[in-house]
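Overview (structure and organization)
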Amino acid sequence: MRCSTLPKSKTTPDFIIIITTLTLLAIGMIMVYSASAVWATYKFDDAFFFAKRQLFFAGLGVVAMFIIMNVDYWTWRKHAKLLVVICFILLVVVLIPGVGLVRGGAQSWLGVGAFSIQPSEFMKFAMIAFLAKYLSENQKKITKFKQGLLPSLSLVLLAFGLIMLQPDLGTGAVMVGTCVVMIYVSGAKLSHFVGLGMIGLAGFAALIISAPYRIKRITSFLDPWSDPLGSGFQIIQSLYAIGPGGLMGLGLGESRQKFFYLPEPQTDFIFAILSEELGFIGGTFVILLFSILLWRGIRVALGAPDLFGSLFAVGIIGVIAIQVMINIGVVIGLMPVTGITLPFLSYGGSSLTLMLVAVGVLLNISRYARY
């Protein structure tokens, strides 16, 4: 039986998680500059435009990570309801015409000019905290569909619905996938998920059919050469980047696809540029680092002193793992294009900062974990 209060003594945080995260962040900084320099020079007459912004948010995130590492993770339990309410409000506000900023066809941003936040990214973190609280307090009910499973899934699906109105299928899918993992780990019956899974697949298919651009993404995934200059363009150019990379790569900074072939390569397709410049060895090293992070995160979850801490750790590491699998799957042509960034490597202020904040929480849980 896990204790309901934190133990009085703390240990040092998981050093391997810190080193792995900072290594991924350093690789990301280098690759953001390398991938974006050509486009940044063309558009802003400053080769370091994206790199400087990424450095700012990386610095902000690292400072936040080390601060939050020393904040007892139960603090998030106390404020989980408030966090999720605020995020719901932001998800509604971003949909107001003239308030939410439209980028890449999605009205997903709040802010002024270049400095903005993405409420859906905040919702992912808030939902993990709230769900960890709810599930830890209602574990005995989670095996019952109406009393335990349905209330938790209803809240998740409400958030997913608001995110889809932007629309942002990728972020919504990551959030739902992570929450499903947390609910299953907390003790929900597999039989309940089978029926819900069938309904979910039908709903997912309906979402794809309802938007022509999503259908194009599916068809381009199955046969990108059917529309090589349209819906299949990104995946074809991504594969053109990975192929020539070979074992050792073309060399850092020597990518050809970043010369206006692969659109904005510093974001969703940064792994393609990394593979082109650093080759199979470089790509494998990055995947190895993510695998180490996943291993240490699972270790923290198993050693957490209470169920809330365990589920919180599962949620954090689940978000990272799902985003990595989807992003790399898209880049190498195993999944349709979804617009999901690669954690710690892709350019992006909100996602990078919040991911480092989440790692800070994971590190604090590790200070109490019993291995």
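What you are looking at is a predicted structure, and each value in this text was computed from that prediction instead of being measured. (Residues numbered from 1 in each chain as written. Predicted model: local features only at pLDDT ≥ 70, side-chain atom pairs only at ≥ 80, totals over all residues. Heavy atoms only, no water.)

This part takes up the overall build of the chain. Counting its secondary structure elements, the chain contains 13 helices and three strands. Whereas a compact globule of 371 residues would reach a radius of gyration of roughly 21 Å, the chain reaches 21 Å, a difference of no more than 12%. Overall size of the chain, expressed as C-alpha extent along the three principal axes, is 55 × 45 × 40 Å. Counting only residues that meet the buried cut, the chain has 51% of its 371 residues in that class. For the chain, restricting intrachain contacts to residue pairs at least 6 apart in sequence, the fraction spanning at least 24 positions comes to 73%. Accessible surface for the chain amounts to roughly 16,800 Å². Of this, 72% is attributable to carbon and sulfur atoms. Charge-centre separation for the chain: the mean point of 26 positive side chains lies 17 Å from the mean point of 15 negative side chains. (Helix = DSSP H or I, 4+ residues; strand = E, 2+ residues; numbered from the N terminus. Rg over C-alpha atoms; globule rule 2.2 N^0.38 Å. Buried < 20%, exposed > 50% of the residue type's maximum accessible area, 1.4 Å probe, protein only. Contact = heavy atoms within 4.5 Å. Areas by Shrake-Rupley, 256 points an atom, 1.4 Å probe, with all protein chains shown as cover. Lys, Arg positive; Asp, Glu negative; His and termini not counted. Charge placed at Lys NZ, Arg CZ, Asp CG, Glu CD.)

With that settled, the discussion passes to the packing of aromatic side chains. When we look at a pair of aromatic rings, we describe it by the centre distance and by the angle of the planes. Throughout the structure, instances matching the rule amount to 14 aromatic pairs. Arranged with centres 5.3 Å apart and planes meeting at 70°, the rings of Y42 and F260 form a pair that is edge-to-face. Residue Y42 is located in helix α1 (residues 15–44), and its partner F260 is located in the loop between α10 (233–245) and α11 (270–303); the two are separated by 218 residues in the primary sequence. The exposure class of Y42 is exposed, given its relative accessible area of 60%. When its relative accessible area of 47% is taken as the criterion, F260 is described as partly exposed. Between F125 and F312, the aromatic rings sit 6.0 Å apart at their centres with planes inclined by 45°, giving tilted as the arrangement. With a gap of 187 residues between them, F125 in helix α5 (residues 119–137) and F312 in helix α12 (residues 307–331) connect regions that are remote in the sequence. Of the two residues examined, F125 and F312, each falls in the buried class. (Phe/Tyr/Trp six-rings, centres within 6.5 Å; stacked < 30°, edge-to-face > 60°.)

Taken as a whole, α1 carries its principal kink of about 55° at S36. Positioned one or two residues after α1, D45 has a phi angle of 55°, which is positive. (Bend = angle between axes of the 7 residues up to and from the residue.)

For the rest of this paragraph, the subject is the packing of α11 against helix α13 (residues 349–368). Relative orientation of the contacting elements α11 and α13 amounts to 50°, with a least axis distance of 9 Å. Judged on the interaxial angle alone, α13 and α11 are oblique. Along this stretch, α11 crosses α13, giving a crossing that reads as left-handed. Counted together, G297, V300 and G303 of α11 and L362, I365, S366 and Y368 of α13 form the full contact between these two elements. (Axes fitted to C-alpha atoms, helices over the stretch in contact; angles between N-to-C directions. Parallel < 35°, antiparallel > 145°, perpendicular 65-115°, else oblique. Left-handed = near helix turned anticlockwise from the far one by under 90°.)

At the junction of Q166 and P167, the peptide bond is cis and its omega measures out at -5° in the coordinates. Note on placement: P167 falls in the loop between α6 (145–164) and α7 (169–185). The backbone of F344 sits at a positive phi, close to 70°, despite the residue not being glycine. Positionally, F344 belongs in the loop between α12 and α13.

This part covers the nonpolar core. Within the largest apolar cluster, 100 residues are counted, with the highest numbers of intra-cluster contacts made by F312, F344 and L345. Of the residues forming this core, the biggest block, 16 residues, is contributed by α12. If we skip the residues at most four places from it in the chain, L345 touches L24, I27, G28, V32, Q54, I270, L274, V286 and F290. (Core = buried A, V, L, I, M, F, W, Y, C linked by side-chain atoms within 4.5 Å.)

With that settled, consider the pattern of salt bridges. Across all of its chains, the model carries six salt bridges by this definition. Between E137 and K133 there is a salt bridge, with its nearest N and O atoms 2.9 Å apart. Of this pair, E137 and K133 are both found in helix α5, four residues apart, which corresponds to roughly one turn of the helix. Taking relative accessible area as the criterion, E137 reaches 42% and is therefore assigned partly exposed. (Salt bridge = Lys/Arg side-chain N within 4 Å of Asp/Glu carboxyl O.)

Across its 13 residues, α10 extends 19 Å between first and last C-alpha, which sits within 8% of the 18 Å expected from 1.5 Å per residue. Of all the positions in α10, only I235, I236, Q237, S238, A241 and G245 are classed as buried. Downstream of α10 by a residue or two, G246 has a phi angle that is positive, lying close to 55°. (Expected span 1.5 Å × (residues − 1).)

Right, let's talk about the side chain of Q118 for a bit. Within the element layout of this structure, Q118 appears in the loop between β3 (115–117) and α5. Judged by its relative accessible area of 10%, Q118 falls in the buried class. The residues contacting Q118, other than those within four sequence positions of it, are S108, W109, D168, T171 and S350.

Running from amino to carboxyl end, α11 crosses α12 at an angle of 160°, the nearest separation of the two axes being 10 Å. In terms of orientation, α11 lies roughly antiparallel with respect to α12. Between α11 and α12 lies a crossing whose hand is left-handed. The residues of α12 that touch α11, namely those facing F271, A272, I287, F290, L293, L294, G297, V300 and A301, are S310, A313, V314, I317, I320, A321, V324, N327, I328 and V331.

By themselves, these observations are geometric and do not establish any function.
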